[in-house]
Amino acid sequence: MGYWPAMPLPPPGPDSHVLVTGASSGIGAAIARVLATRGHPVLLVARRADALADLAGELRGLSGLAAEVHVADLGTDGGLAAVRDIVRRDERVVGLVNAAGFGRTGRVADLVADDAQREALDDLVRLNVLALHDLTLAAVAAFTRRVQRGGHAAAILNVSSITAFQPLPGAASYAASKAFVQSFSEAVHAELSGTGITLTTLSPGLTRTGFADAAGTDAFDRAPDLVVGEAADVAEAGVAAMAAGHRSVTPGLVNQLSALGGRLAPRSLLLPTLNGAMELLGD
Ligand SMILES: NC(=O)c1ccc[n+]([C@@H]2O[C@H](COP(=O)([O-])OP(=O)(O)OC[C@H]3O[C@@H](n4cnc5c(N)ncnc54)[C@H](OP(=O)(O)O)[C@@H]3O)[C@@H](O)[C@H]2O)c1
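Residues numbered from 1 in each chain as written. Predicted model: local features only at pLDDT ≥ 70, side-chain atom pairs only at ≥ 80, totals over all residues. Heavy atoms only, no water.

- As recorded by an unreviewed UniProt entry, the protein chain carries the name Ketoreductase domain-containing protein and is attributed to Actinomycetospora cinnamomea.
- The Sequence similarities (unreviewed entry) comment attached to the protein chain in UniProt states, word for word, "Belongs to the short-chain dehydrogenases/reductases (SDR) family." (UniProt positions renumbered as here; feature names shortened; annotations may be inferred.)

Right under this line is the structure:
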């Protein structure tokens, strides 16, 4: 394969489709809106057919471009295989956004005492880690084959979180799932250097979406307004970084400082502080 400079997402056009998981609400839906506004037809993936159909209608009106709905539960083998197949075979797809994900708060000892919560932790790892990993591998394979045949460049955007940068008592499994996303995605970004394929990681802080409801927490309501961002701003930052082929982006100064603190602070000081703070916030 010849050398490519860091290549962005290919220019928008009727054949420059981007597949977005988690597109039925929140950050994924906002990313689909930004991509459509830029001129990319989108393939929208999630479980809720009605929400996807509503968004597809909105986007067709907005951009005059195609917006396809693919209903799939990425936590199941069948749902994941169906989406993997699109990524593998659909030659129109020049971009993949892995935004589907959810969180769960509470202490592990409490969560495992409840069968439904225990099961939710398995579902979390299946979606946040395994499905994202699987679709990223499928995209790297498909995009690499295409570039080797002399086809166009391609881009991947994986949604991580600022919880990726340190362990988080009170959200242990969720933060660990995002640490996986961050580490895996940054490593593959480096591996892909010069290939014509880019992988960008988006690491938002608290963002107003359906996330808190899905996680079963009202902690966001008690967080100061200053630290809660809007999905539209997060999406703009993510798509801009993806289009430029950047390694990673953390939108917002407060979140950037939090990520830096999480990376640099000694664990012996950080973990008791976070443990106390999460106890105060409650779940
Ligand atoms: N909001 C925040 O504060 C925040 C901060 C940092 C990172 N993030 C990350 O941002 C991403 C998007 O979350 P969000 O905040 O936008 O929350 P959200 O509004 O709840 O969106 C989550 C999306 O994931 C989809 N999803 C959930 N389970 C799925 C499954 N089994 N199969 C397919 N799709 C599934 C949901 O669609 P269906 O229910 O229709 O399937 C929905 O479209 C997640 O990866 C999250 O971890 C969020």
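Back to the text.
1. Notes on the pairing of strand β6 (residues 197-202)
Then, number 1: Taken across its six residues, β6 has six buried, putting it largely inside the fold.
Then, number 2: The alternating pattern of β6 places Ile197, Leu199 and Thr201 on one face and Thr198, Thr200 and Leu202 on the opposite face, and all of these are buried.
Then, number 3: The parallel pair strand β5 (residues 154-159) and β6, bridged by helix α6 (residues 172-191), forms a crossover whose chirality is right-handed.
Then, number 4: Bridging between β6 and strand β9 (residues 248-249) involves two bridges; their strand directions are parallel. By the bridge assignment, Leu202 is partnered in β9 with Val249. (Buried < 20%, exposed > 50% of the residue type's maximum accessible area, 1.4 Å probe, protein only. Helix = DSSP H or I, 4+ residues; strand = E, 2+ residues; numbered from the N terminus. Right-handed = clockwise from strand over helix to strand, strands pointing away. Pairing = 2+ DSSP bridges.)

2. What to know about the packing of helix α5 (residues 115-148) against α6
Then, number 1: Running from N to C, α5 and α6 cross one another at 10°; their axes reach a closest spacing of 9 Å. One element, α5, and the other, α6, form an angle in the roughly parallel class. For the pair formed by α5 and α6, the contact residues are Leu121, Leu124, Asn128, Val129, Leu132, His133, Thr136, Leu137 and Val140 on the first element and Ser173, Tyr174, Ser177, Lys178, Phe180, Val181, Phe184 and Val188 on the second.
Then, number 2: Residue composition of the contact of α5 with α6, by class: 11 nonpolar, five polar and one charged. (Axes fitted to C-alpha atoms, helices over the stretch in contact; angles between N-to-C directions. Parallel < 35°, antiparallel > 145°, perpendicular 65-115°, else oblique. Contact = heavy atoms within 4.5 Å. Nonpolar A, V, L, I, M, F, W, Y, C, P; charged D, E, K, R; others polar.)

3. Description of the UniProt feature "domain: Ketoreductase" (unreviewed entry) in the protein chain
Then, number 1: As recorded in UniProt, the sites labelled "domain: Ketoreductase" (unreviewed entry) are residues 16-205.
Then, number 2: Helix makes up 52% of residues 16-205 and strand 17%, and the two end C-alpha atoms of the span are 29 Å apart.

4. Focus: the side chain of His40
Then, number 1: With respect to the element layout, His40 can be found in the loop between α1 (26-38) and β2 (42-46).
Then, number 2: Engagement of the side chain of His40 in a polar contact is seen with the backbone oxygen of Ser16, the distance being 2.9 Å. (Polar contact = N/O pair within 3.5 Å; in protein donor to acceptor, adjacent residues only side chain to side chain.)

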